[in-house]
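Summary of structural features
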There are 2 protein chains.
Amino acid sequence: MVNVVKIGGNIVDNPEALDSFLNDFASLSGPKVLIHGGGKEATRLSKALGLEARMVEGRRITDRQTLDVVTMVYAGLINKRIVAMLQARGCNAIGLSGADGNTIAATRRPADPVDFGFVGDLVPTGINVGFLSGLIDQGYTPVLCAICHDKNGTLLNCNADSVAGNVARSLAGVMSAAITFCFEKPGVLADPDDDSSVIPVVTGDMFAQMRESGAVAKGMVPKLQNALSCCADGVEHVRICDAAALLHPDAGTTVKI
Amino acid sequence: MVNVVKIGGNIVDNPEALDSFLNDFASLSGPKVLIHGGGKEATRLSKALGLEARMVEGRRITDRQTLDVVTMVYAGLINKRIVAMLQARGCNAIGLSGADGNTIAATRRPADPVDFGFVGDLVPTGINVGFLSGLIDQGYTPVLCAICHDKNGTLLNCNADSVAGNVARSLAGVMSAAITFCFEKPGVLADPDDDSSVIPVVTGDMFAQMRESGAVAKGMVPKLQNALSCCADGVEHVRICDAAALLHPDAGTTVKI
């Protein structure tokens, strides 16, 4: 079984947490894939370069200069730092953007109604599963950032949760797969203010009810939709948890159809 | 035969020259590897971030922040830009730092007599030739920057000419190999001020004489030493030329033992 694991900015931004997480990740036996998000380094670099963050509907506009910044930070600094740290732990990591080996194709989001610039949405059949499974079969651990490409020479900033979900769903078509979405909470919470209120299992029906009753926090909706899509497409184990719980399979929230 | 090609900052910095070079490179039939240098983007970014360039004996000191800058620019911005451009040309490029797949191991340069910081020298046996030749056999085109690693978690800034030479020499052990070092001149010049004075062939004996008589420009000495090492280690064709002459095998200077 291939373990697909996604980490976000809260881990990437915290050297101690990253160090500890990579110890755990490297110790996972068997094939694995890591997908990492961005973190605050890109915002810091943008500010230092005098680029103004332009937000529309809470989302960042990725103009040409911002694309350069996220490419530098996600595909360069963070990706290579993680790869070097994994190599030091005996894990033969290989860092990839979506352009490398044509791993992940995306399409630029339409400019109407809002032009988000160089932001891409994943193409359902856009994962080069042959390339990824080939690397995995040879013992390599792909480490993916969310910078993808349109196959026509343009890099696109995509969502790391979507990349992780699509990679797991695509791999599930050729091998047994599990996915763990790590984030800053211990799991899906019944009470967003109470970290001890983790819901151990969320099913599709429960999600529909929770959504109707407003019991699910706004930011959790796309995460749970993504997780449920993984279940629907044959990913055998789907979990949302704190990165520190990677090696504790019973921790966090398991998502089932 | 695998064609190993090295380009420097003069191409990387010039969008039109890069575009034209990548057209030529993509049209090369058969297996190929591209190694790219840095260019002025890292200097620009360092300045924008207020980092002072510290030079000793004409070489840049790579402190921690400068290492981050070159990792971002070389392994992120430039590498992924080239990969996306090659993908658009139907060339299945895969961008790699030396840490990815443990492709290139280096050792940090000793701090005595000058501490250059995170600068690495290549280890003779440090090229993961099995990984590179495996990618090549599968039809991928590795695109390498000169950010390598020490296998203990530290990235190191290395010399792109050395990376190119070492890759060609290592590949020559498992397949027929050629290398083209592209730079800003049309070849090795008899008169550094006259671009029409290209010396068509330089042998080891000629180099020794030229060096003794002072006929070889300072910057050409390590380039020719590197080229001659390639010949000595079985690289079949070794050429130094302008990037625009990539597809003209008779242009530039051929180096022979």
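This text goes with the structure placed above it.
What comes next concerns the included structure. Just so we're clear, the structure is a prediction, and the values are computed from it rather than from any experiment.

Thresholds, definitions, all that
Residues numbered from 1 in each chain as written. Chains lettered and ligands numbered in written order. Predicted model: local features only at pLDDT ≥ 70, side-chain atom pairs only at ≥ 80, totals over all residues. Helix = DSSP H or I, 4+ residues; strand = E, 2+ residues; numbered from the N terminus. Rg over C-alpha atoms; globule rule 2.2 N^0.38 Å. Buried ≥ 20, exposed ≤ 12 C-beta atoms within 10 Å, placed from the backbone. Contact = placed C-beta atoms within 7 Å. Nonpolar A, V, L, I, M, F, W, Y, C, P; charged D, E, K, R; others polar. Least-squares fit on C-alpha atoms with pLDDT ≥ 70 in both. Expected span 1.5 Å × (residues − 1). Arc of directions from axis to C-beta. Axes fitted to C-alpha atoms, helices over the stretch in contact; angles between N-to-C directions. Parallel < 35°, antiparallel > 145°, perpendicular 65-115°, else oblique. Pairing = 2+ DSSP bridges. Core = buried A, V, L, I, M, F, W, Y, C linked by C-beta atoms within 7 Å. Bend = angle between axes of the 7 residues up to and from the residue. Left-handed = near helix turned anticlockwise from the far one by under 90°.

1. Some points on the overall build of chain A
Scanning chain A from N- to C-terminus turns up 8 helices and 14 strands. Taken over C-alpha atoms, the radius of gyration comes to 18 Å for chain A, in line with the 18 Å a tight globule of 257 residues would show. Expressed as lengths along the three principal axes of its C-alpha atoms, the size of chain A is roughly 45 × 45 × 35 Å. Each of the 257 residues in chain A was classed as buried or not, and the buried ones make up 51%. Long-range contacts, defined here as pairs at least 24 residues apart, represent 71% of the contacts in chain A between residues at least 6 apart.

2. Comments concerning the interface of chain A and chain B
At the interface, 31 residues of chain A touch 31 residues of chain B. Sorting the residues of the side of chain A that touches chain B by element identifies α4 (64-88), β5 (93-96) and β9 (147-149) of chain A as the ones contributing at least two each. Among the elements that take part in the side of chain A that touches chain B, α4(A) stands out by supplying 13 residues, more than any other. Looking at the side of chain A that touches chain B residue by residue, the class counts come to 15 nonpolar, 12 polar and 4 charged.

3. A short note on the relation of the copies chain A and chain B
Between the two copies of the chain lies a relationship made up of a rotation around an axis and a movement along it. Taken as rigid bodies, chain A and chain B are interconverted by a rotation of 180° and an axial shift of 0.0 Å, the fit giving an RMSD of 0.0 Å. What the rotation and shift describe, once combined, is the action of a two-fold rotation axis. Judged by C-alpha distance, Gly76(A) is the residue of chain A that lies nearest the rotation axis, at 1.8 Å. Looking at chain A, 100% of its interface residues are interface residues in chain B too, so the copies touch through the same face.

4. As for helix α2 (residues 15-27) of chain A
Residue and element names in this part refer to chain A. Across its 13 residues, α2 extends 18 Å between first and last C-alpha, which sits within 8% of the 18 Å expected from 1.5 Å per residue. All of the buried residues along α2 are Leu18, Phe21, Leu22 and Phe25. Along α2, the residues classed as buried sweep out an arc of 100° about the axis, all on the same side. Opposite the buried face of α2, at more than 90 degrees from it, the exposed residues are Glu16 and Ser27.

5. Regarding the packing of helix α6 (residues 160-172) of chain A against helix α8 (residues 220-232) of chain A
Residues and elements named next belong to chain A. Between α6 and α8, the shortest axis-to-axis distance is 9 Å and the interhelical angle comes to 10°. When the interaxial angle is binned, α6 and α8 end up roughly parallel. Within the contact between the two elements, α6 uses Asp161, Ser162, Gly165, Ala168 and Arg169 and α8 uses Lys223, Asn226, Ser229 and Cys230. Broken down by class, the residue content of the contact of α6 with α8 amounts to 2 nonpolar, 4 polar and 3 charged.

6. Structural notes on the sheet that holds β5(A)
Residues and elements named next belong to chain A. Reading across the sheet, the 8 strands line up as β5-β8-β2-β1-β11-β13-β14-β12 and stay open at both edges, with mixed pairing between neighbours. Two strands in the sheet have a free side with no partner beyond their single neighbour: β5 and β12 (201-203). Pairwise comparison of adjacent strand axes, ignoring direction, gives a mean angle of 20° for this sheet. Judged from the 6 bridges that link them, strand β11 (residues 177-183) and strand β13 (residues 237-242) form a sheet pairing that is parallel. By the bridge assignment, Ala178 is partnered in β13 with His237.

7. Considering the sheet that holds strand β12 (residues 201-203) of chain B
In sheet architecture, strand pairing relies on hydrogen bonds along the backbone and comes in two forms, parallel and antiparallel. Residues and elements named next belong to chain B. Ordered in space as β5-β8-β2-β1-β11-β13-β14-β12, the 8 strands form an open sheet in which the pairing is mixed. Bordering the open sheet on either side are β5 (93-96) and β12, each of which pairs with just one other strand. Pairwise comparison of adjacent strand axes, ignoring direction, gives a mean angle of 20° for this sheet. Across 2 bridges, the pairing between strand β2 (residues 32-36) and strand β8 (residues 141-144) is parallel. When the sheet's bridge partners are listed, Leu34 is paired in β8 with Val143. Packing of helix α6 (residues 160-171) onto the sheet brings it into contact with β1 (2-7), β2, β8 and β11 (177-183), and relative to β1 it is tilted by some 175°.

8. Re unusual backbone geometry
Omega for the peptide link from Asp112(A) to Pro113(A) comes to 5°, which places this bond in the cis form. Mapped onto the elements of the fold, Pro113(A) is located in the loop between β6 (104-108) and β7 (120-127). Look at Asn102(A): it is not a glycine, yet its phi comes out positive at around 55°. If you trace the backbone, Asn102(A) turns up in the loop between β5 and β6. By C-beta crowding, Asn102(A) is classed as buried, having 21 other C-beta atoms within 10 Å. The residue Lys151(B) is not glycine, and still its phi comes out positive at about 70°. Looking at the element boundaries, Lys151(B) is found in the loop between β9 (147-149) and β10 (155-157).

9. Considerations on the environment of Ala17(B)
All names here are of chain B. Relative to the helices and strands, Ala17 resides in helix α2 (residues 15-27). As for Ala17 and Ala244, which are separated by 227 residues in sequence, their C-alpha atoms are 8.0 Å apart. In this structure Ala17 touches Ile11 and Ala243, once residues within four positions along its chain are discounted.

10. Remarks on the nonpolar core
Core analysis: the biggest nonpolar cluster contains 166 residues, and Val4(A), Val167(A), Val4(B) and Val167(B) have the highest contact counts within it. Ignoring anything within four residues of it in the chain, the contact list for Val167(A) reads Val4(A), Val33(A), Ile35(A), Ile127(A), Leu132(A) and Leu144(A).

11. Some details on helix α4 (residues 64-88) of chain B
Residues and elements named next belong to chain B. The end-to-end C-alpha separation of α4 is 35 Å, in line with the 36 Å expected for 25 residues at 1.5 Å each. Taken as a whole, α4 carries its principal kink of about 35° at Asn79. The first or second residue beyond α4 is Gly90, which carries a positive phi of 80°.

12. Quick word on the packing of helix α3 (residues 41-48) of chain B against α4(B)
Residues and elements named next belong to chain B. At their nearest, the axes of α3 and α4 sit 9 Å apart, and the two run at 135° to each other. By the angle between their directions, the pair α3 and α4 is classed as oblique. Taken as a pair, α3 and α4 cross one another with a handedness that is right-handed. In this structure, α3 contributes Glu41, Ala42, Leu45 and Ser46 to the contact, and α4 contributes Thr66, Val69, Val70, Val73, Leu77 and Ile78. Split by residue class, the contact of α3 with α4 holds 7 nonpolar, 2 polar and 1 charged.

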